[in-house]
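One-letter residues, chain by chain:
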Amino acid sequence: MPPPRAKKLRTGFITDDVTIGSRPDEVADRKTPGHWEGGLIIGLGRSAVGTLVERTSRFTTLLHLPRKDGYGDAPPVKNGPALSGYRSESVRDALQAAMTPLPKHLRRSVTWDRGKELARHAELTAETGIRVYFCDPYSPWQRGTNENTNGLLRQYFPKGTDLARYRRSDVQAVTDALNNRPRKTLGWRTPAEVLAEQIHSASRHCVATTG
């Protein structure tokens, strides 16, 4: 059998099985928790904050992506170490740290934009079990929940800001503010409340089926 047909991205190769067309139909109806959308907010000087939003609860997780030591000390070297905060290794590690503590039913998939920062998606899937799907080219609306959330986040991280100035505690404070804001689409519950219900509901189900 021939290998899956690959489509060349600006930054590498992905196969058809990780494009959005291969994503399970259950993602679209928002009835099954554990499907996420993700991307980056970009700031000055190749700074960034990673963003993840769970589609059913609108629960947001932000990824602190500080620059590496030595950034800006010398001109960039071709094929040298990537010292910006959102190199593929940094994003993979930050996503793994954010997703691993979640119960398995809350880490089913993540839909990402077509950026090279998630070039190590296969490694992320191997470590966490979460499937990664990429939007079609020039189609950010395919992860509209994440795009809307990123718009809200610009209240805290204005355009034209060096996002490396924010400490991990600052990023966590913004995360907490978003997740404790009541949402009309959630019946004026907060994303934190809905996610907690999803976790407890699954726990009760497991107890019932094993009791």
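Residues numbered from 1 in each chain as written. Predicted model: local features only at pLDDT ≥ 70, side-chain atom pairs only at ≥ 80, totals over all residues. Heavy atoms only, no water.

A.B. asks: I'm lost on the overall build of the chain in this one. Help?
C.D. replies: Counting its secondary structure elements, the chain contains five helices and seven strands. Helices and strands appear in the chain in the N-to-C order β-β-β-β-β-α-β-α-β-α-α-α. In the chain, the share of contacts with a sequence separation of at least 24, taken over all contacts with a separation of at least 6, comes to 58%. Accessible surface, the chain as shown: approximately 11,700 Å² in total, 53% of it carbon and sulfur. (Helix = DSSP H or I, 4+ residues; strand = E, 2+ residues; numbered from the N terminus. Contact = heavy atoms within 4.5 Å. Areas by Shrake-Rupley, 256 points an atom, 1.4 Å probe, with all protein chains shown as cover.)

A.B. asks: Is there a simple way to explain the packing of aromatic side chains in this structure?
C.D. replies: Aromatic ring pairs are reported here in terms of the distance separating the ring centres and the angle at which the planes meet. Evaluated as defined, the whole model comprises one aromatic pair. Ring geometry for Phe157 and Tyr166: centres 4.9 Å apart, planes at 80°, overall edge-to-face. You can call Tyr166 buried: its relative accessible area is 15%. For Arg165, the ring lying beneath its charged end belongs to Tyr166, and the centroid distance is 5.3 Å. (Phe/Tyr/Trp six-rings, centres within 6.5 Å; stacked < 30°, edge-to-face > 60°. Buried < 20%, exposed > 50% of the residue type's maximum accessible area, 1.4 Å probe, protein only. Lys NZ or Arg CZ within 6 Å of the ring centre and 35° of its normal.)

A.B. asks: Before we go on, may I ask you to explain the nonpolar core in this structure?
C.D. replies: The tendency in soluble globular proteins is for nonpolar side chains to be buried side by side. Residues Trp36, Leu95, Trp112 and Leu118 are the most contacted members of the largest nonpolar core, which totals 24 residues. Only strand 3 (35–43), strand 4 (47–54), helix 1 (88–99), strand 6 (109–112) and strand 7 (131–134) provide two or more residues apiece to this core. For Leu95, the contacting residues outside a window of four places in its chain are Leu52, Leu63, Trp112, Leu118 and Leu124. Counting residues in hydrophobic clusters, the runner-up holds ten residues, among them Leu153, Val171, Val174 and Leu178. (Core = buried A, V, L, I, M, F, W, Y, C linked by side-chain atoms within 4.5 Å.)

A.B. asks: Before we go on, may I ask you to explain the environment of His64 in this structure?
C.D. replies: Among the structural elements, His64 can be located in strand 5 (residues 60–64). Considered as a pair, His64 and Gly50 are 14 residues apart in the sequence and their alpha carbons are 6.7 Å apart. For His64, the residues in contact, after removing those within four places along its chain, are Tyr166, Arg167, Arg168 and Val171. Only 3.1 Å separates the side chain of His64 from the backbone oxygen of Tyr166, close enough to count as a polar contact. (Polar contact = N/O pair within 3.5 Å; in protein donor to acceptor, adjacent residues only side chain to side chain.)

A.B. asks: Looking at this model, I keep getting lost on the side chain of His121. Mind explaining?
C.D. replies: Within the fold, His121 resides in helix 2 (residues 121–128). Every residue in contact with His121, bar those within four places of it in the chain, is listed here: Ile14, Val18, Val132 and Phe134.

A.B. asks: Before we go on, may I ask you to explain the sheet that holds strand 5 in this structure?
C.D. replies: Sheet strands pair via backbone hydrogen bonds, and the direction of the pair is either parallel or antiparallel. Spatial ordering of the open sheet is given by 5-4-3-6-7, a layout of five strands whose pairing is mixed. With partners counted over all chains shown, the strands left at the sheet margins are strand 5 and strand 7, one partner each. Each neighbouring strand pair of the sheet contributes to a mean axis angle of 25°, computed without reference to strand direction. Across four bridges, the pairing between strand 3 and strand 6 is parallel. For Glu37, the partnering residue across the bridge sits in strand 6 and is Thr111. (Pairing = 2+ DSSP bridges. Axes fitted to C-alpha atoms, helices over the stretch in contact; angles between N-to-C directions.)

A.B. asks: Looking at this structure, I do not really get the pattern of salt bridges. What am I missing?
C.D. replies: Pairing is possible between side chains of opposite charge, provided their charged atoms come close. Counted under the stated rule, the structure contains ten salt bridges. A salt bridge links Glu123 to Arg120; the nearest nitrogen and oxygen atoms lie 3.2 Å apart. Salt-bridge contacts for Glu197 lead to Arg189; the nearest nitrogen and oxygen are separated by 2.6 Å. The class of Glu197 is partly exposed, set by a relative accessible area of 40%. It is possible to trace a salt-bridge network through shared partners that takes in Glu89, Arg92, Asp93, Arg120 and Glu123. (Salt bridge = Lys/Arg side-chain N within 4 Å of Asp/Glu carboxyl O.)

Nothing here speaks to function; it is all geometry.
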